[in-house]
Amino acid sequence: MEKNFCQSCAMPLDKAEMNIQKYTETPVTQLNETTQRRLIHTENLMTVIVDFSGGPAEQPDPFHSHLHDQTCYIAAGEVLFFIGENSPVHVKAGDLIAIPGGIPHAIQLLTPTARLIDSFTPVREDFL
């Protein structure tokens, strides 16, 4: 394997482009009154910052699923995480969750705000 070759980019390192986004300069998508997201991605991986407000919530958000594998880092706040038929799990800042693609999941906000950092593979084209 060549030392100066980017495997994920399939090109020499001197031709590979790096994408750096400052938080305050990253475009925001307002999903609803209480949820917004910022994202960055490569060809095969997407990381999304999701900020929730308006909590605590009386009910969980609607369940959803997607074909993408997902990891979630709870950066701030506390949520109940619902995954498939499992009992909900109370998670807080510093906790990590991994969700295989195709598994229904949802959250319920337990604190006034929360920040989740989600990573997806492959890239969520529906977010672009």
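Residues numbered from 1 in each chain as written. Predicted model: local features only at pLDDT ≥ 70, side-chain atom pairs only at ≥ 80, totals over all residues. Heavy atoms only, no water.

All right, on to the pairing of strand β4 (residues 35-41) then. Strand direction decides the pairing type here: strand β3 (residues 29-32) and β4, joined by 3 bridges, are antiparallel. Along β4, the bridge assignment pairs Gln30 with Gln36. Both β4 and strand β5 (residues 46-52) contribute to a ladder of 7 bridges, which runs antiparallel. Along β5, the bridge assignment pairs Ile40 with Thr47. Connecting β4 to the next strand, β5, in antiparallel fashion are 4 residues. (Pairing = 2+ DSSP bridges. Helix = DSSP H or I, 4+ residues; strand = E, 2+ residues; numbered from the N terminus.)

Turning to the environment of Gly102, a few remarks are in order. Position of Gly102 among the secondary structure elements: in the loop between β9 (96-99) and β10 (105-109). With 33 residues separating them in the primary sequence, Gly102 and Asp69 have C-alpha atoms 8.1 Å apart. Residues within four places of Gly102 in sequence aside, it is in contact with Ser65, His66 and Leu67. (Contact = heavy atoms within 4.5 Å.)

The topology assignment puts Asp61 in the loop between β5 and β6 (69-76). Separated by 47 residues in the primary sequence, Asp61 and Gln108 place their C-alpha atoms 6.0 Å from one another. Here Asp61 is in contact with Phe52, Ala106 and Ile107, once residues within four sequence places are set aside.

Here the focus is the sheet that holds strand β7 (residues 78-83). Within the open sheet, the 3 strands sit side by side as β8-β7-β10. Their pairing is antiparallel. The two strands at the open ends of the sheet, each matched to only one other strand, are β8 (89-92) and β10. The mean inter-strand angle of the sheet, taken between neighbouring strand axes irrespective of direction, is 30 degrees. Sheet analysis places β7 next to β8, joined by 4 bridges and oriented antiparallel. Among the inter-strand pairings, Val79 is bridged to a residue of β8, identified as Val91. (Axes fitted to C-alpha atoms, helices over the stretch in contact; angles between N-to-C directions.)

Spatially, the 6 strands line up as an open sheet ordered β3-β4-β5-β11-β6-β9, and their pairing is antiparallel. Both edges of this open sheet fall to β3 and β9, since each of them pairs with a single strand only. Strand-to-strand twist across the sheet, computed as the mean angle between neighbouring axes with direction ignored, equals 25 degrees.

Within the secondary structure layout, Thr35 lies in strand β4. Judged by its relative accessible area of 8%, Thr35 falls in the buried class. Once residues within four sequence positions are removed from consideration, Thr35 is found in contact with Thr29, Gln30, Val50, Asp51 and Phe52. (Buried < 20%, exposed > 50% of the residue type's maximum accessible area, 1.4 Å probe, protein only.)

Moving on, we get to the packing of aromatic side chains. Enumeration over the complete set of coordinates arrives at 2 aromatic pairs. Measuring from centroid to centroid gives 6.1 Å for Phe63 and Phe82, while their planes differ by 70 degrees, and the two rings are edge-to-face. A residue pair is termed long-range when its members are at least 10 positions apart, and Phe63 in the loop between β5 and β6 and Phe82 in strand β7 qualify at 19 residues. In this structure Phe63 comes out as partly exposed when scored by relative accessible area, which is 43%. On the accessibility criterion, Phe82 (13% relative accessible area) is buried. (Phe/Tyr/Trp six-rings, centres within 6.5 Å; stacked < 30°, edge-to-face > 60°.)

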